[in-house]
Amino acid sequence: METPEQIRDRLLARFPGAQISVVTNPGPAAEHALLLDAAHAREIAFFLRDDPALRLDYCSNVTGIDWPEKEIAETAKVSVPDPAGGPAKIVEQKTKRIQPGFLEVVYHLYSMALKQGPVILRLRTGNRTDQVTLPSFMPVWRSCDFQEREVFDLFGIVFEGHPDLRRILMWDEFKDHPMRKDYVAPDDFEWEPTPHSDVLARAQTHYPAASPAATGDGGKS
Amino acid sequence: MNTSDSDTLDPRLAAPLAPLPGPTVREVHDPFHGDLLEVSMGPQHPSTHGVFRMVVTLDGETIVKLKPVFGYLHRNHEKLGENTSYLGSMPYTDRLDYLCSMTNNWAYALAVEKLAGQPVPERAQYLRVILAELTRLVNHSCLVGFLFNDLGTSFTPLLYAFREREKILDLFEALSGSRMMCNYQRFGGCRVDPTPEWLEAARRIVEGFPRFLDEFEELLTGNEIMLARTQGVGCLSAELATSAGITGPMLRASGVGYDIRKVDGYGIYPRFDFRVPLGEHGDTYDRYMMRVLEMRESVKILQQAFRDLPAGPIMDAKAKIRGFRPKAGEAYGRIEGPKGEIGFYLVSDGGPNPYRYRVRAPSFVNLTVLEDMCLGHTIADSVVILGSVDIVLGEVDR
């Protein structure tokens, strides 16, 4: 089976405008991934599925990863010229750089026809707030149906082109995306607004606090 | 109407009433079919194998639309996995598919071993195969029993299956301390070494298993009602099965020869001589037969494993239990579970907890095609088709 670098070169020759890079996996598994740009991703996915050498007809696993914004401290050695004319001094300079956050989708593709794989695809969103739309691969592989819905539900990535993008595990009225790293669980999961509290509040504005109707005992006290 | 009240109304309430979710039956008008009936089956329906709901739109008794609804058992297993150590997730994996804790453990251990580059000693590999195949026997015999429950046999075949299952669960209990929540595998080996008596008892149970299968098949396989209710019901084409990522016996019933034990050859499976049964029609009957035939192949694997089981350590000497921190990287480990491909995707940032912990659950993905299989069949058939998919809601909802 071709290495990710070979696949990337072949894809770049086929799709000249696309931006494809290899994301290396430093661990012992050493399964490197292909990072695609959102504009060409679906065309490339169709190509990978139908290419006779790859035949990646089976999309096994779809998942999201949240990478929040993080501060990276770097130390660089800078040579400072001596004003007195002596040899230049080498000084360690500490800089802080903010790496912008993004959301990532990972697809694990295999070939059932040729019994090979995996080829790992990654797509990244622009940020974590308003540029969270990525192309859906559901038209390419049906198995993305529920799994992309799950990523939408838990990570908040919007899949453009998915025909039925609804929440799947959380209930429809739920607001947040619980798999994000900055998600804070509510203190009381059971709390929900009831009409009862609104009615009570309104009753208190209609009746003075001391009146018998507001205490609810029908004026017996 | 009091105008001051309507100003403060929630805008959602002011909009036209949306259909109420819940166990309701309502009429839907479709310009093509005329009056249809929408039935919500579940979540407390005896045939849905747990808290699973199907919103079925019926034309007479025929299904024209089916939407599965789940998540009632959702506890965000993946977030729990990110908030605990690598080893801490091992007992949680038991609770995914609670019929197959041994294979869940193995899939997770395999992913972590791949992430950390951890070797596994020979004897542990054999024990893993033995326990995984015993789990397959448990799962498939129960599934066949439950499938017959869905066909309306009211527990008799299921109790035959439970009788055999109980023997194997006794083995699991003797070995790991728990019948179903085994928590047995570790990164780099297994937790307990079985005694010679345990192996002898296990060998005897496996020797007796084909006799149970013969009895089971004699009662069930040729049964006329069974044939009438399952043959040609819920057909799944090979193309759709591949595209929808269906795995396990359900995929092979559609005639696609893809068994991860053969394809990946994980563990020591290439050493065993076994065949992968394939179906022809992809209907409910083929899915039933797949399970029965796979059980016979599992017995063959078990006999070879008992014969070849070597002596030796069950844990790799260099395996780290406490303070386990794999290097930064990621790994996707998958095995052929009884229900299909169960995979774990782990991303490590070098810390004691996984940065990302993902479970690829076979029953969750296998539900994708439920609607496609049910369309055009009667509502009674949808129960049987769902039964042949083999879902466990602990794994679907995670």
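Let us look at the structure shown here.

Conventions we followed
Residues numbered from 1 in each chain as written. Chains lettered and ligands numbered in written order. Predicted model: local features only at pLDDT ≥ 70, side-chain atom pairs only at ≥ 80, totals over all residues. Heavy atoms only, no water. Helix = DSSP H or I, 4+ residues; strand = E, 2+ residues; numbered from the N terminus. Rg over C-alpha atoms; globule rule 2.2 N^0.38 Å. Buried < 20%, exposed > 50% of the residue type's maximum accessible area, 1.4 Å probe, protein only. Contact = heavy atoms within 4.5 Å. Areas by Shrake-Rupley, 256 points an atom, 1.4 Å probe, with all protein chains shown as cover. Lys, Arg positive; Asp, Glu negative; His and termini not counted. Charge placed at Lys NZ, Arg CZ, Asp CG, Glu CD. Pairing = 2+ DSSP bridges. Axes fitted to C-alpha atoms, helices over the stretch in contact; angles between N-to-C directions.

**Notes on the overall build of chain A**
Part 1: Scanning chain A from N- to C-terminus turns up five helices and nine strands.
Part 2: Its C-alpha atoms give chain A a radius of gyration of 27 Å, more than 25% over the compact-globule value 17 Å for 221 residues.
Part 3: Across the 221 residues in chain A, those meeting the buried criterion constitute 42%.
Part 4: Contacts spanning at least 24 positions in sequence make up 57% of the contacts within chain A whose residues lie at least 6 apart.
Part 5: When the accessible area of chain A is evaluated, it comes to approximately 12,300 Å², of which 54% is carbon and sulfur surface.
Part 6: The averaged location of the 33 negative side-chain charges in chain A is 3 Å from the averaged location of its 25 positive side-chain charges.

**So, the environment of Pro 178 of chain A**
Part 1: Checked against the element boundaries, Pro 178 of chain A lands in the loop between β9 (158-160) and α4 (195-206).
Part 2: Considering only alpha carbons, one finds Pro 178 of chain A and Phe 155 of chain A, 23 residues apart in sequence, at a separation of 6.9 Å.
Part 3: Filtering out sequence-adjacent residues up to four positions away, Pro 178 of chain A remains in contact with Asp 153, Leu 154, Met 170 and Tyr 183 of chain A together with Asn 76 and Lys 79 of chain B.

**Some thoughts on the sheet that holds strand β9 (residues 356-360) of chain B**
Residue and element names in this part refer to chain B.
Part 1: Taken in spatial order, the three strands line up as β7-β8-β9 in an open sheet, and their pairing is antiparallel. Sheet topology places β7 (329-337) and β9 at the edges, where each strand pairs with a single neighbour. Adjacent strand axes in the sheet meet at a mean angle of 10 degrees, parallel and antiparallel pairs treated alike.
Part 2: Bridge count between β7 and strand β8 (residues 340-348): nine bridges; the pairing is antiparallel. If you follow Gly 333 over to β8, its bridge partner there is Phe 344.

Shape descriptors only; they carry no functional weight alone.
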